Amino acid sequence: MSNAVCKRAVLAALSFQPDFSALATFPPLESKNGQLLLRWLDRSGLSLVLLRHLQTSDAAPSISAEWLGALAQRLARNVLRTRDMLAEFKRVNDAFRAHAVTAVALKGFTLAPDFCEDLTLRHQTDFDFLIHEDSVERAAVALQRCGYSTSRLNKTAETCFLTPLRHIPSADDDLYALQHHRQVDLHTSLFEQSPWIQIEVPRDCLQQAHVQSVYGIDVLALSLADKFILQVFHAFKHAFRSWIRPSWVLEIGRCMELHQHDTALWTRVIERAGDTRLTKYIFVFVLELVTRMFRTPIPVQLRCWTRGVPSPAIHAWLDAFAVDWAISDWPGSLTNLYLAAEFIPDRKLRIQFLRSRLFPKKSHASVGVVSTAGRNMFLRLQAVRLSYIAQRTAAHLKDLARLPLQHLRWKRALYASPRDH
């Protein structure tokens, strides 16, 4: 059984109407294919959710005891990791309050219960906060008092703060281990714009925020409508960079399922999201991706809202490529480039975007700030960076080689696509 088929079996098990039948043919855990599949499950964010679904649906016998044991061990480690991160989350929030910074937590721990059943089922790496531009300097002082630093403070866009890194990451690191270093990202807008796409976003999210209790920690969080908008835009941003975590798509689907008939919520989402063509195209892309992957129905209000925007190319791509693209191994697939014209109508900007994807000038990799200038640590760091770049380059070249054949597939999909989408 190929890993592509196994990945689709995982999607089926996590779907709106779960089907666990294909899980029985998972490869042996210790085989090469088994280890590759396990790595994909971890990177996709689906390992722990799959375990929970198997347990609550009495479907655990669908996979071997070895597989169940591996997933259960991951959950046990992630419980400890989550507790540790929650303690740091509280410390950072307390520091903001002490420095009179109004900080709204984004994503992460605020996603339960509407987007995820339990925080221990999520793999989280950093903390994101929305603050007012006038509070950036005070927030920076608060974070510095907590041991964080940044190389460049940005008052109008995202600023990344890190604690010193004393461990050099590698591909073999345990994703569920306690963190070796921390990261806090400060945002002054709900969504950071790109050079190619400018998205209209709500500008009063701070005023719309409310207090949410996260495991007994009271924090400011977005309204549910703004959370949903952010999750859609966040998924699209990463999708346009080539790779997306399937768990993000599943979480959007969970929110749609839980609130399927909440007319007031979806009316609010539509009002807050705006009425531009680009925004509707983004919602069509992301929500239809949810239905292709997990069969979750789109709420009637959202479907009616996007129905008036013709998007035959988007639907053709979703039918032909969506699932294969979404389950591809990191760092992703270039097939989503075929949609560039739908989201970047300006030809000059589109060419710049395509060049940046086809011929990247530099790696987007970062292993953080090393806390020591020791020669051995420095040499190890450079070796890791070179290895990472080599892996990314090899994967990119393979994807480039497949593009001509995929282009023919794309042309056939366009030709066969109904014109009334």
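The model shown is predicted, which means the values in this text are computed figures rather than measured ones. (Residues numbered from 1 in each chain as written. Predicted model: local features only at pLDDT ≥ 70, side-chain atom pairs only at ≥ 80, totals over all residues. Heavy atoms only, no water.)

**Focus on the overall build of the protein chain**
When helices and strands are counted, the protein chain shows 15 helices and six strands. The C-alpha atoms of the protein chain give a radius of gyration of 22 Å, which matches the 22 Å a tight globule of 421 residues would have. Referenced to the eigenvectors of the C-alpha coordinate spread, the extents of the protein chain come out at roughly 60 × 50 × 45 Å. Residue burial in the protein chain is summarised as follows: out of 421 residues, 51% are buried. A sequence separation of at least 24 residues applies to 74% of the contacts in the protein chain between residues at least 6 apart. If you sum the accessible surface of the protein chain, you get close to 20200 Å²; carbon and sulfur atoms cover 55% of it. Across the protein chain, the mean location of the 52 positive side-chain charges is 7 Å away from that of the 39 negative side-chain charges. (Helix = DSSP H or I, 4+ residues; strand = E, 2+ residues; numbered from the N terminus. Rg over C-alpha atoms; globule rule 2.2 N^0.38 Å. Buried < 20%, exposed > 50% of the residue type's maximum accessible area, 1.4 Å probe, protein only. Contact = heavy atoms within 4.5 Å. Areas by Shrake-Rupley, 256 points an atom, 1.4 Å probe, with all protein chains shown as cover. Lys, Arg positive; Asp, Glu negative; His and termini not counted. Charge placed at Lys NZ, Arg CZ, Asp CG, Glu CD.)

**Some points on the side chain of arginine 122**
Residue placement: arginine 122 occurs in the loop between β1 (104-106) and β2 (127-130). If we skip the residues at most four places from it in the chain, arginine 122 touches Asn78, Gly108, Leu111, Cys116, Trp248 and Glu251.

**Let's talk about the pairing of strand β5 (residues 210-214)**
The pairing of β5 with strand β6 (residues 217-221) spans five bridges and is antiparallel. Considered in β6, the bridge of valine 214 is made with isoleucine 217. (Pairing = 2+ DSSP bridges.)

**Regarding the packing of helix α3 (residues 47-56) against helix α4 (residues 65-98)**
Orientation of α3 relative to α4, taken along the N-to-C sense of each, is 115°, at an axis distance of 9 Å. If you check the angle between α3 and α4, you find them roughly perpendicular. Every pair of crossing elements has a handedness; the one defined by α3 and α4 is left-handed. In this structure, α3 contributes Ser47, Leu48, Leu50, Leu51 and Leu54 to the contact, and α4 contributes Leu68, Leu71, Ala72, Arg74, Leu75 and Asn78. (Axes fitted to C-alpha atoms, helices over the stretch in contact; angles between N-to-C directions. Parallel < 35°, antiparallel > 145°, perpendicular 65-115°, else oblique. Left-handed = near helix turned anticlockwise from the far one by under 90°.)

**Here we look at the sheet that holds strand β3 (residues 159-162)**
Overall, mixed pairing links the six strands, which are arranged β3-β4-β2-β1-β6-β5 in an open sheet. Where the open sheet ends on each side, the last strands, each with one partner, are β3 and β5. The average angle at which neighbouring strand axes cross in this sheet is 40°, direction not considered. One ladder, built from four bridges, connects β3 with strand β4 (residues 183-187); its direction is antiparallel. Bridged to phenylalanine 161 within β4 is valine 184. Here α4 sits on the sheet and contacts β1, β2, β4, β5 and β6; the angle it forms with β2, its principal contact strand, is near 25°.

**Brief notes about the packing of aromatic side chains**
For the structure shown, the criterion picks out 26 aromatic pairs. Ring centres of phenylalanine 89 and phenylalanine 109 lie 5.2 Å apart, and the angle between their planes is 70°; on these two criteria the pair is classed as edge-to-face. Highlighted residues: phenylalanine 89 in helix α4 and phenylalanine 109 in the loop between β1 and β2, separated in sequence by 20 residues. Per residue, the accessibility class of phenylalanine 89 equals that of phenylalanine 109, and both read buried. Through successive ring pairs, a cluster of aromatic residues spans Trp196, Phe236, Phe240, Tyr281, Phe285, Trp317, Phe321, Trp325, Tyr338, Phe343, Phe353 and Trp410. (Phe/Tyr/Trp six-rings, centres within 6.5 Å; stacked < 30°, edge-to-face > 60°.)

Geometric values such as these leave the question of function open.
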